[in-house]
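Now for the letters of each chain:
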Amino acid sequence: MAILLLILGLVLFIAAYVTYGAWLAKKWGIDPKRPTPAHTMRDGVDYDPTQPKVLLGHHFSSIAGAGPITGPILAAVFGWLPVYLWIILGSIFVGGVHDFSALFASVRHKSKSIGEIISANIGKRARILFNLFAWLTLILVVAAFTDICASTFAHNPQTPEVLNGARSGTISILFIVLAIIYGLITRKLNLSGITSVLLGIVGLVVFIGLGYYFPVLKFSQATWTYIMLVYIFAASVLPVWFLLQPRDYLCSFLLYAMLAGGVAGLFITNPSVNMPAFTSFMPANGSYLFPILFVTVACGAISGFHSLVSSGTTAKQVNNEKDMRLIGYGAMLIEGLVAVLALMAIACYGKPSENATPVQIFANGISSMINSFGVPKDFGMVFVVLAFSSFALTSLDTATRIARYMLQELADSVPSLKKVIGNKYAATIISILAAWGLLQYGYTKIWPIFGSVNQLLGALALIAVSVWLLRRKKNSLFTGIPAVFMVCVALSALIILMVQNLKAGNMVIGILSLIIALLAVALVVEAIVAISKLRKGKIEMLDDDTPEQAAG
């Protein structure tokens, strides 16, 4: 049964990429001959044309995060069938379209953020609202993923024989060193193709071996938290080619290896699905299938964070418009495959212990799969935990960088603030301090609201792209319908969680939920007003070659 589910998912994803993805590219007017901002605005820091395979690795590593693994495992309380259906359908018709369209719209707006796209097509007030909304969302991302990484790397001196955390943490730090060396060598020697791939693989093997056999970084969770905060500050302000690009590219090898190993292992072991197809519409108090299932699966089907990555960093590195289908649509389908594997991990192998975390459940399942072709279970566990932390860490550093962009854009809107937080160092420090404040609540309390807010961010990005497509006289149904559905899902989930947090006394998270919900409603109203003006001819229509003009 597990093999059939995997094959069906693979076939549908490939078919969607070849047909629906290509059809969308044609409908939207993607032009391979049109110069991208990576060339026309090249500065060697943010704007830097990048080979598609390298950018795919960077983008996929950045968007994947912990969501496509954690979400499906937590959502499995509803049974495997509804989770599986939403992963497949959501990735193809909602998440993939969201990522692809956000990347395309950004490239056509000089690789500016979704906030700037909103400013040009809905209005400047809407941009301020969105940037504030997005910044708050990113703070939740940074807080949640910092806690995930720190807890994953933590070593407990009371159980010195358990070295999974120390090994993963040591290898992850070695990865950062390797990435810097790799980035400098490949850039200095202009290496490409098979040479750069081989160099990367050899470096990975050597550094994984060093970290596995010499796990010297045996720190507590608190220590790792501060190490993570220092790291993301550096990652936010350094040029992308120096750390982010090479690190994410190297990590993509890990992720692809884990995917390939999991798929191969599933075919070899052919495990049975030991979970009910469906359990209940409300398996726990307050956990309704609609909307909680959708926001719990989170990044496994759609993630608003992806639109910020697409428009925040990836769009500035697109070498050719034809690469966007692979990078935008393709990466989301790969993430859907990761989500399917995560679902199979719990559906086939269950929980290794009663209080097992999602990463432990995932590592147990995938390591059991790859053990079928000779990989020791202990090494497999460390490798999978390392790959998982690579997902989370790459999203963490990218989220911090984009939070810096968002705060700087907000400062641009208020001249008095620009002098204080307009530079990248101040914007980064403020973003990190805000995330550190939320860290006091811990990952388990942050994740539910993160899922809802993240989905709502995706809906708002789809709305922004829909308005822009309408201005270009393009059909916007393929972004508009998913936008309306996700607004209904995410807003209803956010209201439920807000009430639950306020009743439980989690006032900061409850009030934050209320603020975010009000910002979202205000943005939806602004979009409706803009569409009304557009239909009445009060906002100028655009052709592909018309410079983007503000809607007012």
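For the structure, see preceding data.
Owing to the predicted nature of the structure, the values given are computational and were not obtained by experimental measurement.

Would you explain the overall build of the protein chain in this entry?
Per the secondary structure count, the protein chain includes 21 helices and 0 strands. What you see for the protein chain is a C-alpha radius of gyration of 22 Å, in line with the 24 Å of a compact globule of 552 residues. Once the C-alpha set of the protein chain is aligned to its principal axes, its extents read approximately 70 × 60 × 45 Å. Buried positions account for 62% of the 552 residues belonging to the protein chain. Each charge sign in the protein chain was given a centre, from 37 positive and 23 negative side chains, and these centres are 4 Å apart.

I'm lost on the nonpolar core in this one. Help?
Across soluble globular proteins, nonpolar side chains have a tendency to be buried as a group. One finds Phe130, Phe133, Met344 and Phe362 to be the most contacted residues of the largest nonpolar core, which totals 190 residues. With 19 residues, helix H7 (residues 124–153) is the single largest residue contributor to this core. In contact with Phe362, not counting residues within four places along its chain, are Ile69, Ile73, Met258, Leu341, Ala342, Ala345 and Val384.

Whenever I open this one, helix H21 (residues 507–535) confuses me. Can you help?
The α-helix winds at 3.6 residues per turn, so residues separated by three or four positions along the chain end up facing the same way. End to end, H21 covers 42 Å across 29 residues, agreeing with the expected 42 Å (1.5 Å per residue, within 8%). Trailing H21 by a residue or two, Gly537 shows a phi angle of about 80°, which is positive.

For this particular structure, what's the right way to read the environment of Tyr84?
Here Tyr84 lies in helix H5 (residues 80–107). On a C-alpha basis, the gap between Tyr84 and Met344 in space is 9.5 Å, while along the polypeptide they are 260 residues apart. When sequence neighbours within four positions are dropped, the list of residues in contact with Tyr84 reads Leu5, Leu8, Gly9, Val340 and Leu343. A distance of 3.3 Å separates the side chain of Tyr84 from the backbone nitrogen of Gly9, its partner in a polar contact.

Sorry, what's going on with helix H11 (residues 244–269) here?
In this model, H11 (26 residues) spans 36 Å end to end at C-alpha, consistent with the 38 Å of a helix rising 1.5 Å per residue. Counting buried positions along H11 gives 19 out of 26 residues, so the element sits mostly inside the fold. Phi for Asn270, located one or two positions after H11, is positive at around 45°.

Could you clarify how one ought to interpret unusual backbone geometry in this entry?
In most cases, non-glycine residues show a negative phi, while peptide bonds are predominantly trans. With an omega of 10°, the peptide bond between Phe290 and Pro291 qualifies as cis. At Lys110, a residue that is not glycine, the phi angle is positive and equals roughly 60°. Its location among the elements puts Lys110 in the loop between H5 and helix H6 (114–121). In this model, Asn270 sits at a positive phi of 45°, which is unusual for a non-glycine residue.

What exactly am I supposed to notice about the state of the cysteines here?
In the structure shown here, the tally under the stated rule is 0 disulfides. Looking at the unpaired Cys149, the closest cysteine sulfur is the one in Cys251, lying at 11 Å.

What am I meant to see in the pattern of salt bridges here?
Side-chain pairs of opposite charge can arise where the charged atoms are in close proximity. Per the counting criterion, the structure on display carries 7 salt bridges. Of the charged contacts, one joins Asp48 and Arg42 as a salt bridge, the two residues approaching to 3.6 Å between their closest N and O atoms. Put simply, Asp48 and Arg187 hold a salt bridge, and the shortest N to O gap is 3.5 Å. Taken together, the positions of Asp48 in the loop between helix H2 (37–40) and helix H3 (52–64) and Arg187 in helix H8 (residues 164–189) put the pair 139 residues apart, joining distant regions of the chain. One salt-bridge network, held together by shared partners, links Arg42, Asp48 and Arg187.

Would you mind going over the packing of aromatic side chains with me for this structure?
Each aromatic ring pair is specified by the distance between its two centres and by the angle formed by the two planes. Enumeration according to the criterion identifies 22 aromatic pairs in this entry. Centre to centre, the rings of Phe100 and Tyr329 are 6.3 Å apart; their planes meet at 45°, and the pair counts as tilted. Residue Phe100 is located in helix H5, and its partner Tyr329 is located in helix H14 (residues 324–349); the two are separated by 229 residues in the primary sequence. By relative accessible area, which is 0% here, Tyr329 ends up buried. Residues Phe278 and Phe281 carry aromatic rings whose centres are separated by 5.1 Å and whose planes lie at 65° to one another, so their mutual orientation is edge-to-face. Taking the relative accessible area as the measure of exposure, Phe278 reaches 36% and is therefore partly exposed. Ring-pair connections join several aromatic residues into one group, and the members of that group are Tyr20, Trp23, Trp28, Phe93, Phe100, Phe104, Tyr329, Trp468 and Phe478. Note that Lys316 overlies the ring of Tyr405, its terminal NZ or CZ placed 4.9 Å from the centroid. The ring of Tyr17 has Arg325 lying over it, and the distance from NZ or CZ to the ring centre is 4.5 Å.

For this particular structure, what's the right way to read the packing of helix H4 (residues 67–75) against helix H12 (residues 289–297)?
The axes of two packed helices give the description: the angle between them and the distance between them. Following both chains from N to C, one finds H4 and H12 inclined at 150°, their axes separated by 7 Å at the closest point. Classified by the interaxial angle, the pair formed by H4 and H12 is roughly antiparallel. Contacts between H4 and H12 involve Gly67, Gly71, Pro72, Leu74 and Ala75 from the former and Leu293, Thr296 and Val297 from the latter. A per-class count over the contact of H4 with H12 returns 5 nonpolar, 3 polar and no charged.

Conventions adopted
Residues numbered from 1 in each chain as written. Predicted model: local features only at pLDDT ≥ 70, side-chain atom pairs only at ≥ 80, totals over all residues. Heavy atoms only, no water. Helix = DSSP H or I, 4+ residues; strand = E, 2+ residues; numbered from the N terminus. Rg over C-alpha atoms; globule rule 2.2 N^0.38 Å. Buried < 20%, exposed > 50% of the residue type's maximum accessible area, 1.4 Å probe, protein only. Lys, Arg positive; Asp, Glu negative; His and termini not counted. Charge placed at Lys NZ, Arg CZ, Asp CG, Glu CD. Core = buried A, V, L, I, M, F, W, Y, C linked by side-chain atoms within 4.5 Å. Contact = heavy atoms within 4.5 Å. Expected span 1.5 Å × (residues − 1). Polar contact = N/O pair within 3.5 Å; in protein donor to acceptor, adjacent residues only side chain to side chain. Disulfide = S-S within 2.5 Å. Salt bridge = Lys/Arg side-chain N within 4 Å of Asp/Glu carboxyl O. Phe/Tyr/Trp six-rings, centres within 6.5 Å; stacked < 30°, edge-to-face > 60°. Lys NZ or Arg CZ within 6 Å of the ring centre and 35° of its normal. Axes fitted to C-alpha atoms, helices over the stretch in contact; angles between N-to-C directions. Parallel < 35°, antiparallel > 145°, perpendicular 65-115°, else oblique. Nonpolar A, V, L, I, M, F, W, Y, C, P; charged D, E, K, R; others polar.

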